[in-house]
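Structural characterization, general
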Amino acid sequence: MAQIKSLEELRRLRERVERDISTRRDTGTTIIVGMGTCGIASGARETMRAILEEVRRRDMDVNVTTVGCIGMCNKEPLVDIEQAGKPRVSYGNITPDMAPRLIEEHLVNGQVVEEWVVGRLQEDE
Amino acid sequence: MSEPIYRANVLVCTGTGCDSSGAGSVIDALRGEVERRELQGEVRVIETGCRGFCAMGPIVIVYPEGLFYCQVQTTDVEELVEETLVKGRILQRLVFEVPHSQQAVPFYDEIPFYEKQQRITLRNCGVIDPESIDEYIARGGYEALGKVLSEMSSEDVIEEVKASGLRGRGGAGFLTGLKWEFTARAPGDVKYVVCNADEGDPGAFMDRSILEGDPHSVIEGMAICGYSVGSSEGYVYCRAEYPLAIKRLRLAIEQAEEYGLLGDDIFGSGFGFHLKIKEGAGAFVCGEETALIASIEGKRGEPRPRPPFPAVSGLWGKPTNNNNVKSYANVPQIIRNGAEWFAAIGTPRSPGTAIFALTGKVENTGLIEVPMGITLREIIYDIGGGIPDGKEFKAVQTGGPLGGCLPASGLDLQVDFDSLRQAGAVMGSGGMIVVDEETCMVEFSKYFLTFASAESCGKCVPCRVGGRRMLEILTRITEGEGTPEDIDQIKEIAKGMDSDSLCALGQLTPGPIMSALRYFEDEFHAHINEDRCPAKQCVNMISYYVSPETCVGCGMCKRECPVQVIDGERRMIHIINQDGCIKCNTCFEVCPFDAIVKLSGGEIEVPEEPIPVGSFGK
């Protein structure tokens, strides 16, 4: 382990290790993957792994979490993206290869990928 | 950047409380189940320090949701992983339920136990892996030390700590900054920094929790202190009965040394600081600073008269700064956030927070951190959830065996160093024991006195003999042999112990009795003059009867009586033979019809011998 010889070095280390505990705080952005039996059967686990990989690759500060079935089983895998102060957007039939574009457009560029959207939920619903 | 992103962190408390209720095997089961389902690349299981809610342990918290699961057993693990980590559902049966209302609260930050708490000293406890220095650094750790060494002079540091108003968390409440200044100004080249982790109060475990849950905060605080007083060597005096605390502290010291955050030339500043652990054998008196220092030197743990204070002549005769674990743990945050930030929390004369080990007759026992100035009522009823089984609150003891008790009229007292002392209790190191109507205050103060007199080191007469004599008197009173002069004699001995004992142990030993006398003197008089224990606890003053009106003749009491002094047959009113009764309370507990009457100072009319049920008085 390298010795830390200045406050700047400590801060650089902090930036690097902060990500390890980011799961434990509210980042303001949550990607929610439907993980009911229907979701798993249609490949939600692979989709989620692709999302995690993309988040890691871009070193993004987001939470990724799972939920049970919400009833729209024919649209699984369902992926919702929730950002503080914005309506929660539900995307349907998200396969692993769609994950990079979804994250790039929605979270990086701030553009909802309208063609994949299946619904929107207001904050207080 | 090759570490995977974990979508979920499963935090398992491995403080000594949760560990003793089985957290260790829960962790093994969790790791096994996570691997079996091939989730190890996305779910991380982490051991943390204490979350404080020990009554509900083992505690498991799942992030990012912040789901709070209590009393998790190995048999729950499979379902927990399946439901929460695979399917993203809340496992309702492990969710916390508010006592009385049975309302389920799944999320950590919405549980009433935590709502009124303000976790500053314990901010990392239960949130980070205490065996990872990286997690401490990720939460801003060692930045205060870096700031001090690169931007501040030692005088600046002392001024900052003084301005924060931080008072010693060991119990006496002396201004920490001022203490540092005394040591800094004392002449001498070699100086020492000592941390008192000899937490001896029965039931208090806040220092242990910090060392177990966030050991680096203490190391950082001590290094900052070393820089400001001009010391390059520190000792943590920790009792050997805290093996986990010692293990984690030792590991933390090694990690800090590897990063160069302890050792020579820290942050390239030229300042060096080395830290050692001294294990104590667990004598209560070694929490007293001069006894503690003697023990580090390898001598018998006995106090000596002060002055000279350790700031002038301490360890090996050198100027020594000695603070409690909590005092040091607060320092890094004061430096990082500024003195004003700290001074704004709590009350003007007692800034910051207080940590209590809340125990006794409350629904939610555990470790709590609250802003100074909170009322006892808020602590006991809002955080503690009130008194179980619909019983009445009677008293709360603060400050452990050297503290004092407060009655119901003190519930609205705002807790800080000064208010408690004025009311006859003390902050002490933070024990808080709540008792209900079924506690005899004479017996209660006798319990603390038994502890304190047994722990007297015997060096000075007032403490050694005074405590013993006082215990004899109290024992007599609880056995129904008290005399009217006893109370005056207790007061006389207490005065002598207070003024003439060598150290705080002897001076404060009478505290629990004197506060009990102040608020519950009637109970002492009832024991002495009326041969009556109002709480019906002192066995020599109580008697049990079968109520002839209520007894249905079921025979349960007769069957269970261990000394077989109950007469009766089926459908006959049973009778307890008073001469042979050992007052074990068994009949009282087993009677399904509540027909057993417990009396102190009186009797009820019962038939001479068993008669048919329903015939009494006819």
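All values reported here derive from a predicted model rather than from experimental measurement.

When you go through chain A residue by residue, the secondary structure sums to four helices and five strands. Each helix (α) and strand (β) of chain A, taken in turn from the N terminus, gives the series α-β-α-α-β-β-β-α-β. Restricting to contacts in chain A with at least 6 residues of sequence separation, those with at least 24 account for 68%.

For chain B, the helix and strand inventory stands at 23 helices and 19 strands. The C-alpha atoms of chain B give 28 Å as radius of gyration, which agrees with the globular expectation for 618 residues (25 Å, within 12%). Based on the C-alpha atoms only, the size of chain B along its principal axes is roughly 95 × 65 × 40 Å. With 618 residues in all, chain B has 55% of them scored as buried. In chain B, once contacts between residues fewer than 6 apart in sequence are set aside, the share between residues at least 24 apart is 72%.

It is worth spelling out the sheet that holds strand 9 (residues 274–280) of chain B at this point. Residue and element names in this part refer to chain B. Pairing is parallel in the open sheet, where four strands are placed in the order 9-8-7-10. For this open sheet the edge positions go to strand 9 and strand 10 (320–324), each flanked by a neighbour on one side alone. Between one strand axis and the next, the sheet turns through 20 degrees on average, direction left out of account.

Right, let's get into the interface of chain A and chain B. Each side of the interface is counted separately: chain A has 28 residues, and chain B has 33 residues. No other element matches helix 1 (residues 7–18) of chain A, which puts six residues into the side of chain A that touches chain B. Of the residues contributing to the side of chain A that touches chain B, the split by class is 12 nonpolar, nine polar and seven charged.

Below, the discussion takes up the domain arrangement of chain B. Partitioning chain B into structural domains gives domain 1 (8–112), domain 2 (133–343), domain 3 (353–436), domain 4 (441–530) and domain 5 (542–600). Computed over C-alpha atoms only, the centres of domain 1 of chain B and domain 5 of chain B are separated by 45 Å.

This part is about unusual backbone geometry. Residues and elements named next belong to chain B. Cis geometry marks the peptide bond from G57 to P58; its omega dihedral reads -10 degrees. The omega torsion across Y63 and P64 is 15 degrees, close enough to zero to call that bond cis. Along the chain, P64 falls in the loop between strand 3 (60–63) and strand 4 (67–69). For D389, which is not glycine, the phi torsion reads 60 degrees and is therefore positive. Looking at the secondary structure, you find D389 in the loop between helix 15 (376–383) and strand 13 (393–398). In this structure D389 comes out as exposed when scored by C-beta crowding, with 8 C-beta atoms within 10 Å. If you check the backbone angles, D531 has positive phi at about 55 degrees while not being a glycine. Within the element layout of this structure, D531 appears in the loop between helix 21 (511–530) and strand 16 (542–546).

Along an α-helix, residues three or four apart share an orientation, since each turn contains 3.6 residues. Residues and elements named next belong to chain A. Across its 15 residues, helix 3 (residues 44–58) extends 21 Å between first and last C-alpha, which sits within 8% of the 21 Å expected from 1.5 Å per residue. Those residues of helix 3 that sit buried are A44, R45, T47, M48, A50, I51, L52, E54 and V55. Summarising the contacts, the buried residues of helix 3 are in contact with strand 1 (29–34), helix 2 (37–41), strand 2 (63–67), strand 3 (79–83) and helix 4 (99–108).

Judged by how many residues are buried, helix 9 (residues 206–213) of chain B sits mostly within the fold: eight of eight residues are covered. Among all positions in helix 9 of chain B, only M206, D207, R208, S209, I210, L211, E212 and G213 of chain B are buried.

Right, let's talk about the sheet that holds strand 3 of chain B for a bit. All names here are of chain B. Taken in spatial order, the four strands line up as 2-1-3-4 in an open sheet, and their pairing is mixed. Of all the strands in the sheet, just strand 2 (43–48) and strand 4 have a single pairing partner and so form its edges. Taken pair by pair, the neighbouring strands of this sheet meet at an average axis angle of 20 degrees, ignoring direction.

All names here are of chain B. As for its position among the elements, R349 is in the loop between helix 14 (339–343) and strand 11 (353–360). Assessed through the 14 C-beta atoms surrounding it within 10 Å, R349 is described here as partly exposed. Measuring from C-alpha to C-alpha, the distance between R349 and Y447 comes to 33 Å, with 98 residues separating the pair along the chain. Residues in contact with R349, not counting those within four places in the same chain, are D416 and D418.

The predicted model of chain A averages 87 in pLDDT, with 96% of residues at 70 or higher. Mean pLDDT values over the elements of chain A span from 86, in strand 5 (residues 117–121) of chain A, up to 93, in helix 4 of chain A.

Of all hydrophobic cores here, the largest spans 201 residues; its most connected members are I51 of chain A together with V10, V12 and I224 of chain B. V12 of chain B has contacts with A23, V26, I27, L30, V45, E47, T48, P58 and V60 of chain B, leaving out every residue within four places of it along the chain. In this structure, C551, C557, I566 and C591 of chain B belong to the second largest nonpolar core, which totals 15 residues.

Attention now moves to the packing of helix 18 (residues 461–478) of chain B against helix 21 of chain B. Residue and element names in this part refer to chain B. The geometry of helix 18 relative to helix 21 is characterised by a closest axis approach of 11 Å and an angle of 40 degrees between their N-to-C directions. Considered as vectors, helix 18 and helix 21 are oriented oblique to each other. Residues M470, I477 and T478 of helix 18 form the contact with helix 21, whose own contacting residues are I513, F524, H527 and I528. Classifying every residue of the contact of helix 18 with helix 21 gives five nonpolar, two polar and no charged.

All right, on to the packing of helix 7 (residues 154–164) of chain B against helix 10 (residues 215–229) of chain B then. Residues and elements named next belong to chain B. It is the contact of helix 7 with helix 10, at a shortest axis distance of 7 Å, that shows an interaxial angle of 120 degrees. Classed by the angle they form, the pair helix 7 and helix 10 counts as oblique. As helix 7 runs across helix 10, the sense of the crossing is left-handed. Here S154, V157 and I158 of helix 7 lie close against helix 10, whose contacting residues are I224, Y227 and S228.

This part is about the environment of R19 of chain A. Considering the arrangement of structural elements, one finds R19 of chain A in the loop between helix 1 and strand 1. Taking the C-alpha atoms as reference, R19 of chain A lies 8.3 Å from D59 of chain A; in sequence the two are 40 residues apart.

All names here are of chain B. With six of six residues buried, strand 7 (residues 192–197) lies mostly within the body of the structure. On strand 7, burial covers both faces: Y192, V194 and N196 on one face and V193, C195 and A197 on the other are all buried. As paired elements, strand 7 and strand 10 share five bridges and run parallel to each other. Residue pairing across strands places N196 opposite N324, the latter belonging to strand 10.

This next bit is on the environment of C286 of chain B. Residues and elements named next belong to chain B. Within the secondary structure, C286 sits in the loop between strand 9 and helix 12 (289–296). A residue is classified by how many C-beta atoms lie within 10 Å of it, and C286, with 27 of them, is buried. Each C-alpha atom of the pair C286 and M372 lies 27 Å from the other, and the pair is 86 residues apart in sequence. Apart from residues lying up to four places away in sequence, C286 is in contact with D198, G280, A291, L292, S295 and G301.

Turning our eyes to something else, we now look at the confidence of the model for chain B. For chain B, the average pLDDT comes to 93, and 100% of its residues sit at 70 or higher. Model confidence for the complex: the whole-complex pTM is 0.90, and ipTM, which rates the interface, is 0.83.

Rules used throughout
- All residue numbers refer to position in the chain's written sequence, counted from 1.
- Ligands are numbered from 1 and chains lettered from A, in the order in which they are written.
- Where local features are concerned, this predicted model is filtered to residues with pLDDT of at least 70; where side-chain atom pairs are given and counted, the filter is 80 or more; whole-chain, interface and lining totals use all residues.
- Where helices and strands are cited, they refer to DSSP runs of H or I of at least four residues and of E of at least two residues respectively, numbered from the N terminus.
- Contacts here follow a simple rule: the backbone-placed C-beta atoms of the two residues must lie within 7 Å.
- C-alpha atoms define the radius of gyration in this analysis, and the globule rule sets the expected value at 2.2 Å times the number of residues to the power 0.38.
- We call a residue exposed when 12 or fewer other C-beta atoms sit within 10 Å of its C-beta, buried when the count reaches 20 or more, and partly exposed for counts in between; the C-beta positions come from the backbone.
- Only strands that DSSP links by at least two bridges are regarded as paired with each other.
- Here an angle of 0 to 180 degrees is reported between the N-to-C directions of two axes, which are lines fitted to C-alpha atoms, with helices fitted over the stretch in contact.
- The classification used treats Ala, Val, Leu, Ile, Met, Phe, Trp, Tyr, Cys and Pro as nonpolar, Asp, Glu, Lys and Arg as charged, and all other residues, Gly among them, as polar.
- A domain assignment, automatic or from a database, supplies the domain bounds used here.
- Each residue after the first adds 1.5 Å to the expected span of a helix.
- On a scale of 0 to 100, pLDDT captures the predictor's confidence in every residue.
- Structurally, a nonpolar core is described as a collection of buried Ala, Val, Leu, Ile, Met, Phe, Trp, Tyr and Cys residues joined by way of C-beta atoms within 7 Å.
- Just so you know how the angles are binned, under 35 degrees is roughly parallel, over 145 roughly antiparallel, 65 to 115 roughly perpendicular, and the rest oblique.
- By the definition used in this description, the sense in which the near helix is turned from the far one sets the handedness, with an anticlockwise turn below a right angle giving left-handed and a clockwise turn giving right-handed.

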